[in-house]
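Fold and contact review
These are the residues of each chain, in order.
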Amino acid sequence: MAKFVNFIATASTFVAVIGPATAQESGASDWSFSADVYFWGASIDGDTTEGDEIDISIDTLLDDFKLGFMGNLTAYNGNWSIFADLIYLDVGDNATQNGSIVGIPAELNTDVDLKGYISTFGVGYTVLKNDTTHLDIIGGGRYLELDTKLKFSLTGGGSQKYSQSDSAFDAVVGIRGYSDLNDKWYVNYYADIGAGDSDLTYQLAAGFGYRFDKFDLAFGYRYLSWDLNNFEPFDDLNFYGPYIGARFTF
């Protein structure tokens, strides 16, 4: 699986937002490409396998941001498309929050260090295309790999520590598309759902795009969630927040 993740990371380094870009029309035997780079202001929350709560806002994460890459590459040929979206993150946090230790409410000092990959990839097929709307059905997979270090300390004393590396692979199906509002503005949308190593994973994204001569500006909101199974140290994990990015076609 590690070799597979390295392949996805290498392929996605060319680019990257979720959802279809407005690729140039081409003949059935020709390929065209869409590449976006974007910033996703994602907050993180979830529950650990020990019953502790994680709730970290984006402004807190940015204070200790170490390294990240977010990108997507889509290749089109007629009604078919291939896509790969990659997030690489290395973030840390130290914060005081209200939470729980083994289910007991308490004020916690939380140290979090997350490092890993999230990749959603697959194929799409166009089921609706007219002057204003383009809609694809998609099928593929999502891979999550995290190296997690957590420390919870009670303000009055006592602490718990976790250090764990784990991964999860899930099959997903969904839709993606865009609808023009006029010749410059459009709405884009994406939704998928799946399962496998996780009990359930799903993703929702919606936003707007504006076409410039050389690129599109895209912005919106994205939610990505897992109900995990045998994934340490999390029972469930959620990333959510606004995104903004630049979209190129060639």
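Our subject is the structure listed above.
Residues numbered from 1 in each chain as written. Predicted model: local features only at pLDDT ≥ 70, side-chain atom pairs only at ≥ 80, totals over all residues. Heavy atoms only, no water.

1. Digging into the overall build of the protein chain
Each helix and strand counted, the protein chain has two helices and twelve strands in total. Starting at the N terminus and walking to the C terminus, you meet the elements of the protein chain as α-β-β-β-α-β-β-β-β-β-β-β-β-β. The 250 residues of the protein chain split such that 48% are buried. Total accessible area on the protein chain stands at roughly 11600 Å², and carbon and sulfur atoms take up 58% of it. (Helix = DSSP H or I, 4+ residues; strand = E, 2+ residues; numbered from the N terminus. Buried < 20%, exposed > 50% of the residue type's maximum accessible area, 1.4 Å probe, protein only. Areas by Shrake-Rupley, 256 points an atom, 1.4 Å probe, with all protein chains shown as cover.)

2. What about the side chain of Ser198?
Structurally, the position occupied by Ser198 is in the loop between β9 (185-196) and β10 (200-211). Judged by relative accessible area, Ser198 falls into the buried class, the value being 2%. Look past the residues within four positions of Ser198 in its chain and what remains in contact with it is Ala168, Asp170, Trp226, Asp227, Leu228 and Asn229. (Contact = heavy atoms within 4.5 Å.)

3. A word on the environment of Asp30
Counting through the fold element by element, Asp30 comes out in the loop between α1 (2-12) and β1 (32-40). Residue Asp30 is classed as partly exposed on the basis of its relative accessible area, which comes to 39%. In this structure the C-alpha to C-alpha distance between Asp30 and Tyr76, which are 46 residues apart in sequence, comes to 8.2 Å. Among residues more than four places away in sequence, those in contact with Asp30 are Tyr76, Asn77 and Gly78.

4. A closer look at the packing of aromatic side chains
As enumerated under the stated definition, the model contains 15 aromatic pairs in all. With a centroid separation of 6.0 Å and 40° between ring planes, the pair formed by Phe215 and Phe248 is classed as tilted. Of this pair, Phe215 sits in the loop between β10 and β11 (216-227) while Phe248 sits in strand β12 (residues 234-249), placing them 33 residues apart in sequence. Judged by centre distance (5.8 Å) and plane angle (20°), the rings of Tyr223 and Tyr240 are stacked. With Tyr223 in strand β11 and Tyr240 in strand β12, this pair connects stretches of sequence that are 17 residues apart. (Phe/Tyr/Trp six-rings, centres within 6.5 Å; stacked < 30°, edge-to-face > 60°.)

5. A short note on the nonpolar core
The biggest cluster of nonpolar side chains holds 24 residues, and the ones touching the most others in it are Trp40, Phe234, Leu237 and Phe239. For this core, the secondary structure elements donating two or more residues are β1, β5 (80-101), β6 (104-129), β7 (133-154), β11 and β12. Residues contacting Trp40, with those up to four places away along its chain left out, are Met70, Ile87, Arg222, Leu224, Phe239, Tyr240, Gly241, Pro242 and Tyr243. (Core = buried A, V, L, I, M, F, W, Y, C linked by side-chain atoms within 4.5 Å.)

6. Things to note about the environment of Gln203
Among the secondary structure elements, Gln203 is positioned in strand β10. Looking at Gln203, the relative accessible area reads 0%, which means it is buried. Through-space distance from the C-alpha of Gln203 to that of Gly174 is 9.1 Å; in sequence the pair is 29 residues apart. Within polar-contact distance, the side chain of Gln203 engages the side chain of Arg222 at 2.7 Å. (Polar contact = N/O pair within 3.5 Å; in protein donor to acceptor, adjacent residues only side chain to side chain.)

7. So, a negative patch on the surface
A contiguous patch of negative charge, built from Glu50, Asp199, Asp227, Glu232 and Asp235, is present on the exposed surface. Secondary-structure assignment places Glu232 in the loop between β11 and β12. By relative accessible area, which is 33% here, Glu232 ends up partly exposed. (Patch = residues over 30% accessible without salt bridge, like charges linked within 9 Å, V, L, I, M, F, W, Y side chains within 5 Å. Salt bridge = Lys/Arg side-chain N within 4 Å of Asp/Glu carboxyl O. Lys, Arg positive; Asp, Glu negative; His and termini not counted. Charge placed at Lys NZ, Arg CZ, Asp CG, Glu CD.)

8. Description of the side chain of Arg176
Within the secondary structure layout, Arg176 lies in strand β8 (residues 159-180). Of note is the side chain of Arg176, whose polar atom sits 2.6 Å from the side chain of Ser81.

9. Notes on a nonpolar patch on the surface
Taken together, the side chains of Trp31, Trp80, Ile82, Val123, Tyr125, Val127, Leu128, Ile137 and Ile175 present a nonpolar region at the surface, about 830 Å² in accessible area. If you list the elements that add at least two residues to the nonpolar patch, you get β5 and β6. Here the nonpolar patch takes four residues from β6, the largest share from any one element. Structurally, the position occupied by Ile175 is in strand β8.

10. Brief notes about the pattern of salt bridges
For side chains of opposite charge, pairing can occur when their charged atoms come near one another. All told, the structure shown has five salt bridges when counted by the stated rule. Arg222 is paired through a salt bridge with Asp85; the nearest N and O atoms lie 3.1 Å apart. Within this pair, whereas Arg222 is found in strand β11, its partner Asp85 is found in strand β5, the two being separated by 137 residues in sequence. Each member of the pair Arg222 and Asp85 is classed as buried.

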